[in-house]
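The chain contents come next:
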Amino acid sequence: MGLRKPDWLAELQGLVALLLVVMAGIVAFQSVALLRGGPMVARVPAEALPGVAGATEGLRSGAVVDGDVEVRVADPTPGDLVAYHLTVLPAFAVGAAVLALLWSALRRARREDPFSAGTVRRLRSIGWTALGGGLLAQLVQTIASFVLSGRITADGTFATTVDLAQTGLFLLVGFGFFAVAEIVRRGVTMRTDLETVI
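The rules behind each value
Residues numbered from 1 in each chain as written. Predicted model: local features only at pLDDT ≥ 70, side-chain atom pairs only at ≥ 80, totals over all residues. Heavy atoms only, no water. Core = buried A, V, L, I, M, F, W, Y, C linked by side-chain atoms within 4.5 Å. Buried < 20%, exposed > 50% of the residue type's maximum accessible area, 1.4 Å probe, protein only. Helix = DSSP H or I, 4+ residues; strand = E, 2+ residues; numbered from the N terminus. Patch = residues over 30% accessible without salt bridge, like charges linked within 9 Å, V, L, I, M, F, W, Y side chains within 5 Å. Areas by Shrake-Rupley, 256 points an atom, 1.4 Å probe, with all protein chains shown as cover. Salt bridge = Lys/Arg side-chain N within 4 Å of Asp/Glu carboxyl O. Contact = heavy atoms within 4.5 Å. pLDDT = per-residue confidence, 0-100. Polar contact = N/O pair within 3.5 Å; in protein donor to acceptor, adjacent residues only side chain to side chain.

Quick word on the nonpolar core
The biggest cluster of nonpolar side chains holds 19 residues, and the ones touching the most others in it are L102 and I126. Of all elements in the fold, only helix 1 (8-36), helix 3 (89-111), helix 4 (117-152) and helix 5 (164-197) reach the threshold of two or more residues within this core. In terms of residue count, helix 3 provides more of this core than any other element does, seven residues in total. Ranked by size, the runner-up nonpolar core spans six residues in total, among them M40, V73, L81 and A83.

Concerning a nonpolar patch on the surface
Taken together, the side chains of V82, L86, L136, L139, V140, I143 and V147 make up a nonpolar region of the molecular surface, amounting to roughly 560 Å² of accessible area. Elements that contribute at least two residues to the nonpolar patch include exactly helix 2 (78-86) and helix 4. With five residues, the single largest contributor to the nonpolar patch is helix 4. In this structure V140 comes out as partly exposed when scored by relative accessible area, which is 30%.

Brief notes about the environment of E70
Looking at where E70 falls in the secondary structure, it is placed in strand 2 (residues 68-73). E70 gets classed as exposed once you look at its relative accessible area, which sits at 56%. Note: C-alpha distance between E70 and A42 (28 residues apart in sequence) is 5.5 Å. Discounting chain neighbours no more than four positions away, the residues touching E70 are V41, A42 and R43.

Topic: the environment of G58
Structurally, G58 is set in the loop between strand 1 (40-45) and strand 2. Measuring from C-alpha to C-alpha, the distance between G58 and G79 comes to 34 Å, with 21 residues separating the pair along the chain.

Some points on the pattern of salt bridges
Note that side chains of opposite charge can pair when their charged atoms are close. Counted by the stated rule, this structure contains eight salt bridges. In this structure, R151 and D80 form a salt bridge, with 2.6 Å as the shortest nitrogen-oxygen distance. Here D80 lies in helix 2 and R151 lies in helix 4, a separation of 71 residues in the sequence. Taking relative accessible area as the criterion, R151 reaches 44% and is therefore assigned partly exposed. Residue classification places D80 among the buried positions, given a relative accessible area of 8%. A salt bridge links E112 to R108, with the shortest nitrogen-to-oxygen separation between them at 3.8 Å. Linked through salt bridges whose partners overlap, the residues forming this network are R124, E182, R185 and R186.

Description of helix 2
Turning to helix 2, its buried residues number three or more, namely D80, L81, A83 and H85. Residues of helix 2 that are buried sit in contact with helix 1, strand 1, helix 3 and helix 4.

Some points on the confidence of the model for the chain
In this model, the chain carries an average pLDDT of 86, and 96% of its residues clear a pLDDT of 70 or more. Per-element confidence in the chain ranges from a low mean pLDDT of 82 for strand 1 to a high of 93 for helix 4.

Some points on the environment of V22
Turning to its location among the elements, V22 is positioned in helix 1. We classify V22 as partly exposed; its relative accessible area is 44%. Each C-alpha atom, one on V22 and one on A96, is 9.8 Å from the other, the two residues being 74 residues apart in sequence.

Some remarks on the side chain of Q138
Summarising the element assignment, Q138 is placed in helix 4. At 3.3 Å, the side chain of Q138 forms a polar contact with the side chain of T167. In this view, Q138 contacts V162, D163, Q166 and T167; residues no more than four positions away in its chain are not counted.

See the structure below:
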């Protein structure tokens, strides 16, 4: 009895489905937390907190507190909770959309000819979703973090942290799907050329 030859498209489709379920669970958990209320953690600039910026107590020589620090808000207002969840949920929404489109593209590729103009269109749509949606999500999350930190500090000072790693990941994923779409497009063109020659 030989080993089963893996169907890598099926394996990837299953993994994508699992990731979608996990992301749906995280979003559901965040939504319940939004409705329930309760404590939350937000980032605020250290200079907005007297005695925190430049603090050295408990740190080794030459180290000081600088930049943004995390603070725990025990009783956030509904506006605080909305801003807090807007610092996280947009990226999850874009990630879920990319995974759903990828799952659909894999399903079609397993049922039909994967080297087709339709596959190229689907891969490009995933690329645009990751690229455009990711940048939009990062913009929304950055604005929400500005609003949230401004609501929490007494003088309205807002944090200026931008998640460059997340932005870079969305750019990489988007351009990666564009590159794969181009490879498939060239394969479709080559096959069409070969069919006309033969």
